[in-house]
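# Fold and geometry: a report
Below, each chain spelled out in residue letters.
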Amino acid sequence: MAARAALCLAGAALSLYALHVERARARDPSYRAACDLGPAVSCTRVFASRWGRGLGLVEVVAGRDSVANVPNGAIGVVFYLLQGLLGAVPGRVTAAALLGTSVASAMASLWLAGVLAFGLRDFCLVCITTYVLNGLLLALNWRRWRRLRRLKTA
């Protein structure tokens, strides 16, 4: 439980920071975030790119100004809050929901890591850290789901 809380708090904090960076950059195009260490290590550039909203996919389908094209940081805040809150609820249905949302976040992380490496050719410290957090949450949720599944068959 403590591990989940720590992962979710860290993820929510990083997601909120990503939102802050995106908004600060929108107000001031010369804004440089603390995680901008050089031309190829810039979270500001990543968050301000089209890939920083709706996983870069919503814009293609619904348009740049669509209400569904929310910042990835906002998606992250919701995800980490749900993971933290649902993690305190026992049961197989909850375990399945936690695992399902973790699989979705891991897939999104893999997608965005590919975009980061091959499309943007950038190294975003905040992004990479959230990908690691998502992987760790997936491992926690997988372990919980398997434990409950074993109890059912025993």
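As shown above, the structure is provided for reference.
Residues numbered from 1 in each chain as written. Predicted model: local features only at pLDDT ≥ 70, side-chain atom pairs only at ≥ 80, totals over all residues. Heavy atoms only, no water.

### Considering the nonpolar core
Quick note on the threshold: Joining through side-chain atoms within 4.5 Å is the link that ties buried Ala, Val, Leu, Ile, Met, Phe, Trp, Tyr and Cys residues into a set, and such a set is a nonpolar core. Working definition: with a 1.4 Å probe on protein chains only, accessible area under 20% of the residue-type maximum means buried, over 50% means exposed, and in between means partly exposed. Here a helix means four or more residues in a row that DSSP labels H or I, a strand means two or more in a row labelled E, and each is numbered from the N terminus. Working rule for contacts: check all heavy atoms of both residues, and any pair within 4.5 Å makes them a contact.
Core analysis: the biggest nonpolar cluster contains 15 residues, and C43, V46, F47, L116, C124 and C127 have the highest contact counts within it. Breaking this core down by element, the ones donating at least two residues are α1 (2-27), α2 (43-48), α5 (92-120) and α6 (125-153). It is α5 that provides the largest number of residues to this core, a total of 4 residues. Once you skip the residues sitting within four places of it in the chain, V46 turns out to touch G52, L116, L120, D122, C124 and C127.

### Focus on α5
Helical periodicity: at 3.6 residues per turn, an α-helix aligns residues three or four positions apart in one direction. For clarity, the cut-off: Expected helix span is given by 1.5 Å per residue-to-residue step, counting one fewer step than there are residues.
With 29 residues, α5 ought to run about 42 Å at 1.5 Å a step, and its terminal C-alpha atoms sit 40 Å apart, in line with that. Immediately beyond the C-terminal end of α5, within one or two residues, lies R121, with a positive phi of roughly 50°.

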